[in-house]
Amino acid sequence: MKKAISIIILVLVIIGFTSTSQEVRDRAFIQSIAIQSDSNHVYTTVKLYGDSYVYKGIGSDIETSLKSAETRQGKVFFSGHTEMIIFQEDSFSNDILKDIIKYEEVSPNCAVVISNSEVTDTQTAYSILETYDRLGEVTISTASNIIKELNSNKVVQVPYINQDFTYSTIDIG
């Protein structure tokens with residue numbers, strides 16, 4: 001009897017691990033999300049790890065915009081390893097930042113930057129930001145730090161990326 005139960009448990013564990021690996025294979029891991037918004041829509045540009053193409057979406061909020069971008073490729077977006085969120089300079093929203101962490105499960109330790117132009121090579125942009133941070137010239141601002149600072153100070157300094165991949169800071173709030 002114990003042997004039969006052990007075999008059943010072993011089979012269930014193996015089946016559980018098999019379905020998990022299939023889920024990973026069916027996911028598209030987001031490297032970065034660029035966000036622009038106006039009074040009616042949120043526009044997103046999603047860059048995946050290992051993919052040179054970007055996927056664009058539009059929606060009434062961040063959730064529907066990301067779902068719109070997701071439909072343009074064949075896998076389910078996984079945002080838990082997102083390295084960078086890039087807000088267009090006039091589109092920063094603390095509410096969108098809170099929603100992307102809460103509903104889309106982006107890591108609170110994700111870097112947030114502001115830009116006045118489209119950044120397509122986000123892997124290079126993030127690497128350069130890490131160098132600026134290491135040299136003490138521009139500090140990486142995480143989503144959670146920005147939310148905390150805006151809740152208490154109403155103004156926070158955030159990295160600002162230029163077209164030539166140089167960084168400075170900008171006050172938002």
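You'll find the structure just up there.
So, how was this worked out
- Residues numbered from 1 in each chain as written.
- Predicted model: local features only at pLDDT ≥ 70, side-chain atom pairs only at ≥ 80, totals over all residues.
- Heavy atoms only, no water.
- Core = buried A, V, L, I, M, F, W, Y, C linked by side-chain atoms within 4.5 Å.
- Buried < 20%, exposed > 50% of the residue type's maximum accessible area, 1.4 Å probe, protein only.
- Helix = DSSP H or I, 4+ residues; strand = E, 2+ residues; numbered from the N terminus.
- Contact = heavy atoms within 4.5 Å.
- Salt bridge = Lys/Arg side-chain N within 4 Å of Asp/Glu carboxyl O.
- Phe/Tyr/Trp six-rings, centres within 6.5 Å; stacked < 30°, edge-to-face > 60°.
- Polar contact = N/O pair within 3.5 Å; in protein donor to acceptor, adjacent residues only side chain to side chain.
- Expected span 1.5 Å × (residues − 1).

### Regarding the nonpolar core
Counting 31 residues, the largest nonpolar core has Ile-35, Ile-85, Phe-87, Leu-97, Ile-100 and Ile-146 as its most contacted members. Put simply, the parts of the chain that give this core at least two residues each are strand E1 (27-37), strand E2 (42-48), helix H2 (62-70), strand E5 (84-88), helix H3 (94-102), strand E6 (111-115), helix H5 (143-152) and strand E7 (156-161). Among residues more than four places away in sequence, those in contact with Ile-85 are Ile-33, Ile-35, Leu-97, Ile-100, Val-106, Cys-110, Ala-111, Val-112 and Val-113.

### A short note on the pattern of salt bridges
Scanning all chains against the criterion turns up two salt bridges. We note a salt bridge from Glu-118 to Lys-56, for which the minimum N-O separation is 3.0 Å. You can see Glu-118 sitting in the loop between E6 and helix H4 (122-134) and its partner Lys-56 sitting in strand E3 (residues 54-59), a full 62 residues away along the chain. Owing to a relative accessible area of 49%, Glu-118 belongs among the partly exposed residues under this scheme.

### Side note on the packing of aromatic side chains
Across all of its chains, the model carries four aromatic pairs by this definition. When the ring of Phe-29 is compared with that of Phe-78, the centres are 5.2 Å apart and the planes differ by 65°; the resulting orientation is edge-to-face. Taken together, the positions of Phe-29 in strand E1 and Phe-78 in strand E4 (residues 76-78) put the pair 49 residues apart, joining distant regions of the chain. Since its relative accessible area comes to 23%, Phe-78 is described here as partly exposed. With centroids separated by 5.4 Å and ring planes inclined at 65°, the aromatic side chains of Tyr-132 and Tyr-167 adopt a geometry described as edge-to-face. Here Tyr-132 is found in helix H4, whereas its partner Tyr-167 is found in strand E8 (residues 167-172), with 35 residues between them in sequence. Exposure class is identical for Tyr-132 and Tyr-167. Each is buried.

### Overview of unusual backbone geometry
The residue Glu-105 is not glycine, and still its phi comes out positive at about 60°. Residue position: Glu-105 is located in the loop between H3 and E6. Its relative accessible area of 60% is what places Glu-105 among the exposed residues. The phi dihedral of Lys-154 is positive, around 75°, even though this residue is not glycine.

### As for the side chain of Ser-32
Assignment of secondary structure puts Ser-32 in strand E1. Engagement of the side chain of Ser-32 in a polar contact is seen with the side chain of Thr-122, the distance being 2.9 Å. For Ser-32, the residues in contact, after removing those within four places along its chain, are Thr-45, Val-46, Lys-47, Thr-82, Met-84 and Thr-122.

### Details of H4
Compared with an ideal rise of 1.5 Å per residue, which puts 13 residues at 18 Å, H4 spans 18 Å between its outermost C-alpha atoms and is within 8% of the ideal. Buried residues in H4 make contact with E1, E2, E5, E6, E7 and E8. Residue Gly-136 follows H4 closely and has a positive phi angle near 80°.

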